[in-house]
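Structural overview for review
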Amino acid sequence: ELEDSKYLNNTLIVFTSDNGAVLDKHGSNYPLRGGKRDFFEGGIRSVAFVWGQMMQMKGEVSRNLYHIMDWYPTFEFLATGVDWTKRKFARGREMSGVNIWESINSGVKCREALLINIQRKDRYSTIKENRMSQNSTSS
C-alpha cells in the first residue's frame, strides 16, 4: 500500500541494533570477539539497514562510525530541515550524537573516532577509531 500512496517517496526505513548479542544466552557475534556489556567489537558493533527512495547511495555498505544516539539528531534534521547539532540549548548544552544523514546518504565520513565509554573510577576510557581506508564499498 505504501507504493500506491505517495508516502513511500518521503519515507526512510531503518532497522538497527544497539549492541552485540548476549553470549551467555547462546548468542554469537562471530567472527567478532566479545558480546553485550563488553567493549570489544562484538559488544559495541552492530548492523543497521537503511532504505529510502530519496537516498543517493543504494546497495552500499558503509564503513563509517555511527552511534545509536546519532539517530535522534538525524531524524530531527530529516523532519525539520534544521541541523540541531550545530545549536546551543539551555545552559550552553549541546545535543548528543551527530546528524549522520549526509554520511549515510552519500558516504561522507562523519567522524574520526567514537567515544565508547569513560570509567572515571578506574580512570580509563574506550575509543573506537575510524581506520578504514574507504568509507563505503558496494555490496
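Thresholds applied
Residues numbered from 1 in each chain as written. Predicted model: local features only at pLDDT ≥ 70, side-chain atom pairs only at ≥ 80, totals over all residues. Heavy atoms only, no water. Helix = DSSP H or I, 4+ residues; strand = E, 2+ residues; numbered from the N terminus. Contact = heavy atoms within 4.5 Å. Areas by Shrake-Rupley, 256 points an atom, 1.4 Å probe, with all protein chains shown as cover. Phe/Tyr/Trp six-rings, centres within 6.5 Å; stacked < 30°, edge-to-face > 60°. Buried < 20%, exposed > 50% of the residue type's maximum accessible area, 1.4 Å probe, protein only. Core = buried A, V, L, I, M, F, W, Y, C linked by side-chain atoms within 4.5 Å.

1. What to know about the overall build of the protein
Secondary structure summary: the protein contains three helices and six strands in total. Element order for the protein, N to C, with α for helix and β for strand: β-α-β-β-α-α-β-β-β. In the protein, 59% of the contacts between residues at least 6 apart in sequence involve partners at least 24 apart. Of the accessible surface of the protein, which amounts to about 10,400 Å², a share of 50% is contributed by carbon and sulfur atoms.

2. Brief notes about the packing of aromatic side chains
Here the structure, examined in full by the defined rule, presents two aromatic pairs. Ring centres 6.1 Å apart and planes at 45 degrees place the aromatic pair Phe 15 and Phe 49 in the tilted group. Residue Phe 15 is located in strand S1 (residues 13-16), and its partner Phe 49 is located in strand S2 (residues 48-51); the two are separated by 34 residues in the primary sequence. The class of Phe 49 is partly exposed, set by a relative accessible area of 44%. Residues Trp 71 and Phe 75 carry aromatic rings whose centres are separated by 5.5 Å and whose planes lie at 25 degrees to one another, so their mutual orientation is stacked. Of this pair, Trp 71 and Phe 75 both sit in helix H2 (residues 71-80), four residues apart, which is roughly one turn of the helix.

3. Thoughts on the nonpolar core
Counting five residues, the largest nonpolar core consists of Met 55, Trp 71, Ile 100, Trp 101 and Ile 104. Apart from the residues within four sequence positions on either side, Met 55 is in contact with Leu 12, Val 50, Trp 101, Ile 104 and Asn 105.

4. Digging into the side chain of Asn 105
Examined against the element boundaries, Asn 105 turns out to sit in helix H3 (residues 101-106). With a relative accessible area of 7%, Asn 105 lands in the buried category. Excluding residues within four positions of it along the chain, Asn 105 makes contact with Met 54, Met 55, Gln 56 and Met 57.

5. Considering H2
All of the buried residues in H2 are Trp 71, Pro 73 and Thr 74. Those residues of H2 hidden inside the fold are in contact with S1, S2 and H3. One or two positions beyond H2, positive phi appears at Gly 81, with a value near 80 degrees.

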